[in-house]
Amino acid sequence: MSQSELADAAGTYQSVVGRIESGKTSPSLETLARIVRAAGFELTLSLEPTAVVDPVIEAYKPGVDQTLLVETLRMSVNDRLQANINLNAAFETLDRDRGGRPPERR
Amino acid sequence: MLDRLLGVLHAHHVEFIVIGGIAARVHGSARITQDVDIVYGRSDANIARLVKALAPLNPYPRGAPPNLPFAWSAKTVKAGLNYTLTTTLGAIDILGEVIGGGRYEDLVGHCVAEKLFGHATHVVSLSWLIRLKRAAGRVRDFEAIAELELLQELQKEKP
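Residues numbered from 1 in each chain as written. Chains lettered and ligands numbered in written order. Predicted model: local features only at pLDDT ≥ 70, side-chain atom pairs only at ≥ 80, totals over all residues.

### Some thoughts on the overall build of chain A
Short version of the rule: Segments assigned H or I by DSSP are reported as helices when at least four residues long, segments assigned E as strands when at least two residues long, and all are numbered from the N terminus. Here the C-beta atoms are placed from the backbone, and a residue counts as buried if at least 20 other C-beta atoms lie within 10 Å of its own, exposed if 12 or fewer do, and partly exposed otherwise. Any pair of residues counts as being in contact when their C-beta atoms, constructed from backbone geometry, are within 7 Å of one another.
For chain A, the helix and strand inventory stands at six helices and zero strands. Here chain A holds 106 residues, and the buried ones make up 9% of them. Sequence-distant contacts, at least 24 apart, represent 24% of the contacts inside chain A between residues at least 6 apart.

This is the structure:
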């Protein structure tokens, strides 16, 4: 959809859409809602509490392997769950081999 | 087992929301989890569906001594609220209400729809999962919360 088509559908000018897209102007909520609707979406707003910074939680963050998180995020959701299933099965096998003594798990 | 457990719940049209460690995995957590935690709707019809779905899996209170007079029935579920169960398909925690999130009706608006093993499933959103874990206040969750908050930051960084 071109800027002109979007502007026509939203009842505004192509120059307005262009200025918003380039970040030169901030539209009013009403204008933004009209443009968003013209593009086939619905603008919704929600109130979310400000994120609370908990020093205890912060202290744990350096210990989290972020490389592992990035790798996990690259997987599909089903692959993430399948990996969980496979790892649990491996741990169960390990449990049996160790005579029922549970290994340490993260 | 997880795929089959979810399949059984969907096959019986149980209204439920995945929370806990499985929800964390869905959102990208690298932590391993063993049990499935769900918040289920407390309507009579849904409890009947839940009972019917799990009945063939021999649900029994997890960690309880054997031979308790435990009957898996709608009456039992209605009389209680939250149950930690073992089944032939693995451990499942069924929660009528969860600290920080309330009941199914309260939480369902804070979910994402994810296709898990082919089934469109309500999974609590990452921000609400963090909220639930914070509200639970368990020391063992601190590292998990740190990981979830980092995931939130990583996802915000995505172009």
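### Structural notes on the packing of helix 1 (residues 3–10) of chain A against helix 3 (residues 29–38) of chain A
All names here are of chain A. Heads up, the rule is: Every axis corresponds to a line fitted to the C-alpha atoms, with the helix fit spanning only the stretch in contact, and the corresponding angles, defined between N-to-C directions, vary from 0 to 180 degrees. By definition in this entry, angles of less than 35 degrees are roughly parallel, angles greater than 145 are roughly antiparallel, angles of 65 to 115 are roughly perpendicular, and the rest are oblique. For any pair of crossing helices, the crossing counts as left-handed if the nearer helix is rotated counterclockwise from the farther one by less than a right angle, and right-handed if it is rotated clockwise. Each residue is assigned to one class: nonpolar for Ala, Val, Leu, Ile, Met, Phe, Trp, Tyr, Cys and Pro, charged for Asp, Glu, Lys and Arg, and polar for all the others, Gly among them.
Viewed as axis vectors pointing N to C, helix 1 and helix 3 meet at an angle of 115°, and their least axial separation amounts to 8 Å. It follows from the interaxial angle that helix 1 and helix 3 lie roughly perpendicular. Crossing hand, helix 1 versus helix 3: right-handed. From helix 1, Leu 6, Ala 9 and Ala 10 reach across to helix 3, where they touch Arg 34, Ile 35 and Ala 38. Split by residue class, the contact of helix 1 with helix 3 holds five nonpolar, no polar and one charged.

### Considerations on the interface of chain A and chain B
Listed as interface residues are 22 residues of chain A and, on the opposing side, 23 residues of chain B. For the side of chain A that touches chain B, the elements supplying multiple residues, two or more each, are helix 4 (55–60), helix 5 (66–74) and helix 6 (77–97) of chain A. Among the residues making up the side of chain A that touches chain B, the classes are represented as 12 nonpolar, five polar and five charged.

### Here's the deal with the confidence of the model for chain B
Residues and elements named next belong to chain B. This is how it is decided: For every residue, the predictor assigns a confidence score, pLDDT, that lies between 0 and 100.
Put simply, chain B has an average pLDDT of 94, and 99% of its residues get 70 or more. When mean pLDDT is compared element by element in chain B, helix 3 (residues 44–54) scores highest at 98, while helix 7 (residues 142–157) scores lowest at 92. Reported for the predicted complex are a pTM of 0.78 and an ipTM of 0.85.

### So, the pairing of strand 1 (residues 16–19) of chain B
Regular strands have side chains that alternate between both faces of the sheet. Residues and elements named next belong to chain B. Put simply, the rule is: Here, any two strands with at least 2 DSSP bridges between them count as paired.
Residue alternation in strand 1 divides its side chains into two sets, Phe 16 and Val 18 and Ile 17 and Ile 19, and both sets are buried. Here strand 1 runs beside strand 2 (residues 36–40); their pairing, made up of four bridges, is antiparallel. Following the sheet pairing, Phe 16 is matched in strand 2 by Tyr 40.

### Focus: the pairing of strand 5 (residues 90–95) of chain B
Residues and elements named next belong to chain B. Bridge count for strand 2 against strand 5 is four bridges, and the pairing is parallel. Pairing of Ile 38 across the sheet is with Ile 94, part of strand 5. Sheet topology places strand 4 (residues 82–87) next to strand 5; six bridges connect them, and they run antiparallel. When the sheet's bridge partners are listed, Thr 84 is paired in strand 5 with Asp 93. Hairpin connection from strand 4 to strand 5: two residues lie between these consecutive antiparallel strands.

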